Amino acid sequence: MTDAVSVKAACERTMNRFLELDKGERLPLAVTLHLLWCRDCRTQVRLMTMAERVVSGRSVHKMSLQKPVSLKKWIFGGVCMILFMLVFGRAADYFASEALWTAFALVFAAAVTAYCAIFVGCNMDFFVKKIGMEK
């Protein structure tokens, strides 16, 4: 019983924090994480967003983000990062030891992981608002 009460209290706190935001303001991390895991709150936020668009005169069928995510910059940056790593790896092939190759592989893996994490973190609003909007 207390578990259900604590979940309801968490949902209520999250919705209060969401409603306190100004229009177009970025979602706080705690609200974003809650919306990712709570289907009821995510549905409620999506319905409120659609209702706001209807009231403001914008069509619900023509939903668009205020700041569309530009994938061109992210793709270009990712391709440049991978090309740089490949060129450096080929150049290091001539004078590299096994220990240097291990360090290079770890740095490459960390760079790709960080790049993906930054991409998701910077575009979290996009991912949260798109979850469950299209069937």
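Rules used in this analysis
- Residues numbered from 1 in each chain as written.
- Predicted model: local features only at pLDDT ≥ 70, side-chain atom pairs only at ≥ 80, totals over all residues.
- Heavy atoms only, no water.
- Phe/Tyr/Trp six-rings, centres within 6.5 Å; stacked < 30°, edge-to-face > 60°.
- Helix = DSSP H or I, 4+ residues; strand = E, 2+ residues; numbered from the N terminus.
- Buried < 20%, exposed > 50% of the residue type's maximum accessible area, 1.4 Å probe, protein only.
- Axes fitted to C-alpha atoms, helices over the stretch in contact; angles between N-to-C directions.
- Parallel < 35°, antiparallel > 145°, perpendicular 65-115°, else oblique.
- Contact = heavy atoms within 4.5 Å.
- Nonpolar A, V, L, I, M, F, W, Y, C, P; charged D, E, K, R; others polar.
- Core = buried A, V, L, I, M, F, W, Y, C linked by side-chain atoms within 4.5 Å.
- Expected span 1.5 Å × (residues − 1).

Q: I would appreciate a short explanation of the packing of aromatic side chains in the present structure.
A: Each pair of aromatic rings is reported with the distance of its centres and the angle of its planes. This structure, assessed with the given rule, holds three aromatic pairs. Ring geometry for tryptophan 74 versus tyrosine 115: centroids 5.6 Å apart, planes at 65 degrees, classification edge-to-face. Placement of tryptophan 74 in helix H4 (residues 71-92) and of tyrosine 115 in helix H5 (residues 98-122) is noted, with a sequence separation of 41 residues between them. Tryptophan 74 sits in the partly exposed class, given a relative accessible area of 21%. The class for tyrosine 115 is partly exposed, based on a relative accessible area of 21%. Their ring planes at 80 degrees and their centres at 5.1 Å tell us that tryptophan 74 and phenylalanine 119 sit as a pair that is edge-to-face. You can see tryptophan 74 sitting in helix H4 and its partner phenylalanine 119 sitting in helix H5, a full 45 residues away along the chain. Pairwise contacts between aromatic rings join Trp74, Tyr115 and Phe119 into one cluster.

Q: Sorry, what's going on with the packing of H4 against H5 here?
A: Geometry of a packed helix pair, given as the angle between the helix axes and the separation of the axes. For the pair H4 and H5, interaxial distance at closest approach is 11 Å and the crossing angle is 175 degrees. Considering the angle they form, H4 stands roughly antiparallel to H5. Contacts from Leu71, Trp74, Ile75, Gly77, Gly78, Met81, Met85, Phe88, Gly89 and Ala92 in H4 reach Trp101, Phe104, Val107, Phe108, Ala111, Val112, Tyr115, Ile118, Phe119 and Cys122 in H5. Residues belonging to the contact of H4 with H5 are distributed by class as follows: 17 nonpolar, three polar and no charged.

Q: I keep staring at the packing of helix H2 (residues 29-37) against helix H3 (residues 39-56) and nothing clicks. Help me out?
A: Packing of H2 against H3 brings their axes to within 5 Å, and their N-to-C directions diverge by 110 degrees. Judged by the angle between their axes, H2 and H3 are roughly perpendicular. Taken together, the residues of H3 that come into contact with H2 (itself represented by His34, Leu35, Leu36 and Trp37) are Arg39, Cys41, Arg42 and Val45.

Q: What is the right way to look at the nonpolar core in this model?
A: A general feature of soluble globular proteins is that nonpolar side chains tend to end up buried together. Cys11, Met15, Phe18, Leu21, Leu27, Val31, Leu35, Cys38, Cys41, Val45, Met124 and Val128 together form the largest nonpolar core, which totals 12 residues. Those elements that place two or more of their residues in this core are helix H1 (2-20), H2, H3 and helix H6 (124-130). Here this core takes three residues from H1, the largest share from any one element. Discounting chain neighbours no more than four positions away, the residues touching valine 45 are Met15, Phe18 and Leu35.

Q: Got a minute to help me understand H3 in this structure?
A: Each α-helix turn comprises 3.6 residues. Residues three or four places apart therefore point the same way. For H3, built from 18 residues, the straight-helix expectation of 26 Å at 1.5 Å per residue is met to within 8% by its first-to-last C-alpha distance of 26 Å. Directly after H3, the chain includes glycine 57, whose backbone phi takes a positive value near 95 degrees.

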